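Coordinate analysis (summary)
These are the residues of each chain, in order.
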Amino acid sequence: MSLRRTDGAPGSGADRGRTGRAPGRRGRPQLTGPQRFLLGGSFLITLGSFAVLPYMSVLLHQRLGLGLGTVGFVLAVASLIQFAGGVVAGPVTGRIGLRRAMLLALGLRTAGFAAFVPGLTSPVLAVGALLLVSAGAALYLPANKAYLVEGASEAQRPRLLSASGSAFNAGMALGPPAAAPLVMGSPGVLFSGVTVLFALVGAGHALLPTGPADRPADGSCAAPAAVRAPKTDAPRPGPSPFVVTVLSVYAFMFFQHYLALYAVPRTSAAFYGAVLTGYAALLVVAQPLLAERVAALSYPAALRWGFGAMAAGMAAIGAGGHAGIAAGGALLCLGEIVLFLKNDLEALARSSDAPASVFGRQRLAAGIGAFASGVLGGQLYGAAESAGSARVFWAAVCLQCLLLPVFLLRRRPARDPEGSRAGAGQGVFRK
């Protein structure tokens, strides 16, 4: 069945005017065909990506013989491209449109995974393939989110973004175990299968209808009227979403980076895997259920709840034991849901730029936070172990999570355009 519509772009005024966006059972607008396809495609894309990417260090080191120092440098560069490269999404989508940007991104990723097949015997090809995949990821996610919310009202955005997050997280959770039987024994089969998967998903994207953002009148990055916010010089309550995203990811990545070092020796590898699986399942289920509650929170309240949950989670992990680590993971999941979703919603509400530009800057902020956490976290964890207690590390991170909202909410409201460090214009703050 074709994804094309004859009554307007997905979520556009024409679409709502003719179809009425028939409410669902609880009065919520139903998802359009293109939106459903994007959510399903997001799951498949992440499933394919995470069937391969978590095993990159093993493939580069054990199969291709690269030194660990070289492997670390390659992965760092790939991560930098994937996160910081998101800032090019705005200019690219402004020039060629959202649908074409997604097709270009999927084309890069398909070519990259295809290049891994001959790259299994060539380090140069393998590294080049990884960089192609990373470049495609940098462009795809901002364009995907922007297309998903194009023309959607502010009340509809939490549901759409939370559903998108759940789709991505489900793929991230299922990809590694699905690929485990093939990754070392038959990697050529694995990469060929992922290449075919991406090619098929890309073909489906070619059937998506175009919208206002796919027909820019002057090649600029201007957002369509349906998603623009009026500009104002009034003070904005609350801190910059860009800064909050940097600090949210910074705090969260201590958990991501160092839980394995702490949990496996104190419990078991099987228990650690069960915690990660449970975390992913809870995130997939809880994020859509909590989306409207998170959207209804004021930004200061969201910061207090989000960082508070992270602080409690870090403290529970530091307490140790199976129960403490499991409870800590659940609390960290709550903190991630509140902060990450609210930051995206706040960034959209404040900016008059195209959504792809907004999401691109959010990706850049996430990359900065992850980088800072990785650099400082290693020093902190090493110092804690040298002191004879890794629990000191979790206590230090817990303290940071408690102090961050205090620091952020004591800052004076800025009058400069939001995201001035990234060149963004700002609009009125809307709760």
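Along each chain, residue indices are assigned from 1 in the same order as the chain's sequence is written. Side-chain atom pairs in this predicted model are given and counted only at pLDDT of 80 or more, local residue features only at pLDDT of at least 70, and totals for whole chains, interfaces and linings cover all residues. For side-chain calculations, the full set of non-hydrogen atoms in the structure is used, while hydrogens and water are omitted.

With that out of the way, let us pick up the overall build of the protein. Helix and strand definitions here come from DSSP, where helices need a minimum of 4 consecutive H or I residues and strands a minimum of 2 consecutive E residues; each element is numbered from the N-terminal end. The helix and strand tally for the protein stands at 15 helices and zero strands. Throughout, a residue-residue contact means that at least one pair of heavy atoms, one from each residue, lies within 4.5 Å. Sequence-distant contacts, at least 24 apart, represent 82% of the contacts inside the protein between residues at least 6 apart.

Here we take up the confidence of the model for the protein. Values of pLDDT, the confidence the predictor places in each residue, fall between 0 and 100. Scored by pLDDT, the protein comes out at a mean of 80, with 82% of its residues at no less than 70. Confidence, read as mean pLDDT per element, is least for helix α1 (residues 13-19) in the protein (38) and greatest for helix α12 (residues 299-319) (95). Scored below 50 in pLDDT, residues 1-26 makes 59 contacts in the model with residues more than four places away or belonging to other chains.

This part takes up helix α5 (residues 89-96). Buried means the residue's accessible area, taken with a 1.4 Å probe over protein chains only, is under 20% of the maximum for its type, while exposed means over 50%, and partly exposed covers the values in between. Every buried residue belonging to α5 is among Ala89, Gly90, Thr93 and Gly94, and all of these are buried. For α5, the arc enclosing every buried residue in end-on projection is 125°, short of the 170-degree limit, so these residues lie on one face. Buried-residue contacts for α5 involve α6 (98-119), α7 (123-149) and α14 (355-386). Following α5 by one or two positions, Gly97 has its phi on the positive side, about 95°. What the arc describes is the spread of directions from the helix axis to the C-beta atoms.

Okay, the packing of aromatic side chains next. Any Phe, Tyr or Trp ring, taking Trp's six-membered ring, that has another such ring centre within 6.5 Å forms a pair; planes under 30 degrees apart are called stacked, those over 60 apart edge-to-face, and the others tilted. What the rule picks out here adds up to 14 aromatic pairs. A centroid spacing of 6.3 Å and a plane angle of 35° characterise the contact between Phe113 and Phe116, whose relative ring orientation is tilted. You can see Phe113 and its partner Phe116 sitting in helix α6, three residues apart, about one turn around the helix. Note on accessibility: Phe113 and Phe116 belong to one class, buried. Aromatic rings pair up to connect Tyr250, Phe254, Tyr258, Tyr262, Tyr381, Phe393 and Trp394 into one cluster.

Before going further, it helps to spend a moment on the nonpolar core. Definition of nonpolar core: a set of buried residues of the types Ala, Val, Leu, Ile, Met, Phe, Trp, Tyr and Cys, connected through side-chain atoms within 4.5 Å. In this structure, Phe116 and Met314 are the most contacted members of the largest nonpolar core, which totals 102 residues. The greatest single-element share of this core, amounting to 14 residues, is contributed by helix α10 (residues 241-266). The residues contacting Met314, other than those within four sequence positions of it, are Ala251, Phe254, Phe255, Leu332, Trp394, Val397, Cys398 and Cys401.

Here we take up a nonpolar patch on the surface. Patches draw on residues past 30% relative accessible area with no salt bridge. Two like charges within 9 Å are joined, as are two nonpolar side chains (Val, Leu, Ile, Met, Phe, Trp, Tyr) within 5 Å. Only the protein chains shown count as cover for residues, and all accessible areas are computed by the Shrake-Rupley method using a 1.4 Å probe. Salt bridge criterion: a side-chain nitrogen from Lys or Arg within 4 Å of a carboxyl oxygen from Asp or Glu. Judged by side-chain polarity, Leu399, Leu402 and Leu403 come together as a nonpolar surface patch covering roughly 290 Å² of accessible area. Along the chain, Leu403 turns up in helix α15 (residues 391-410).

With respect to the helices and strands, the residue His205 is situated in helix α9 (residues 187-205). Taking the relative accessible area as the measure of exposure, His205 reaches 0% and is therefore buried. Beyond its immediate sequence surroundings of up to four residues, His205 is in contact with Phe37, Leu38, Ile45, Arg99, Met102, Leu103, Leu106 and Tyr140.

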